[in-house]
Amino acid sequence: MKKLAISSLVLLLTVVFNEVHAQSGQNAIEKQKFHFGKAGEDGAGYAQAVRVGKTIYISGTVGGGETASALTNVYNGLQKTLAFYGATFQNVVKENLYTTQIEEIKKHNDVRKKYYNNDFPAATWVQIQRLYEETAVVEVELVAVLP
């Protein structure tokens, strides 16, 4: 009877240990990161994009100057980031756009629309006082999902 109790206790402790060990390993996720310019991103402390599983999280891409050209530069940059992961704007499910000039963004929305080819994501546009880069007029972040 004593041997059975000890064996049961050893088995129970082994199961508990294995479960705890397995759960601690589940907290580690594999991240694939993309950087335009590693030095600048290390300075501010961010990655331009991070892929976890089939989801890509793209940090804000900024543009300054005249709004139409700023939008073109931003969406060209986003296109390059998506392409790194083999994605396009058709993979985008969420867009957050921050600007210091919302009326100008509305006026030049056709620039943005051409990248989506009428397959628009959920989107939020917000006017703010200032962006991180002092000369920037627009910043766009995306979430995309791979098939």
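Preceding this section is the structure that the text describes.
These numbers were taken from a predicted model, which means no experiment stands behind them. (Residues numbered from 1 in each chain as written. Predicted model: local features only at pLDDT ≥ 70, side-chain atom pairs only at ≥ 80, totals over all residues. Heavy atoms only, no water.)

J.: Quick question: what am I supposed to make of the packing of aromatic side chains here?
T.: With the rule as written, the count across this model stands at 8 aromatic pairs. By the ring-pair criterion, three or more aromatic residues cluster together here, those being Tyr75, Phe89, Tyr115, Tyr116 and Phe120. (Phe/Tyr/Trp six-rings, centres within 6.5 Å; stacked < 30°, edge-to-face > 60°.)

J.: Can you help me understand the pattern of salt bridges in this one?
T.: Side-chain pairs of opposite charge can arise whenever the charged atoms involved come near each other. Considering all chains together, one arrives at 4 salt bridges under this definition. Two residues, Arg112 and Glu95, come together in a salt bridge whose shortest N-O distance is 2.9 Å. Taken together, the residues Arg112 in helix H5 (residues 109–116) and Glu95 in strand S4 (residues 92–99) connect sequence positions 17 residues apart. For the residue pair Arg112 and Glu95, the accessibility class agrees, reading buried in each case. The salt bridge partner of Lys106 is Glu103, with a shortest N-O separation of 3.2 Å. Taken together, the residues Lys106 and Glu103, both in helix H4 (residues 102–107) and 3 residues apart, mark about one turn of the helix. The class of Glu103 is exposed, set by a relative accessible area of 52%. (Salt bridge = Lys/Arg side-chain N within 4 Å of Asp/Glu carboxyl O. Helix = DSSP H or I, 4+ residues; strand = E, 2+ residues; numbered from the N terminus. Buried < 20%, exposed > 50% of the residue type's maximum accessible area, 1.4 Å probe, protein only.)

J.: Sorry if this is basic, but what is going on with the side chain of Thr67 here?
T.: Take Thr67: it is sitting in helix H3 (residues 67–84). For Thr67, a relative accessible area of 3% translates into the label buried. A polar side-chain atom of Thr67 sits 3.0 Å from a polar atom in the side chain of Gln101. (Polar contact = N/O pair within 3.5 Å; in protein donor to acceptor, adjacent residues only side chain to side chain.)

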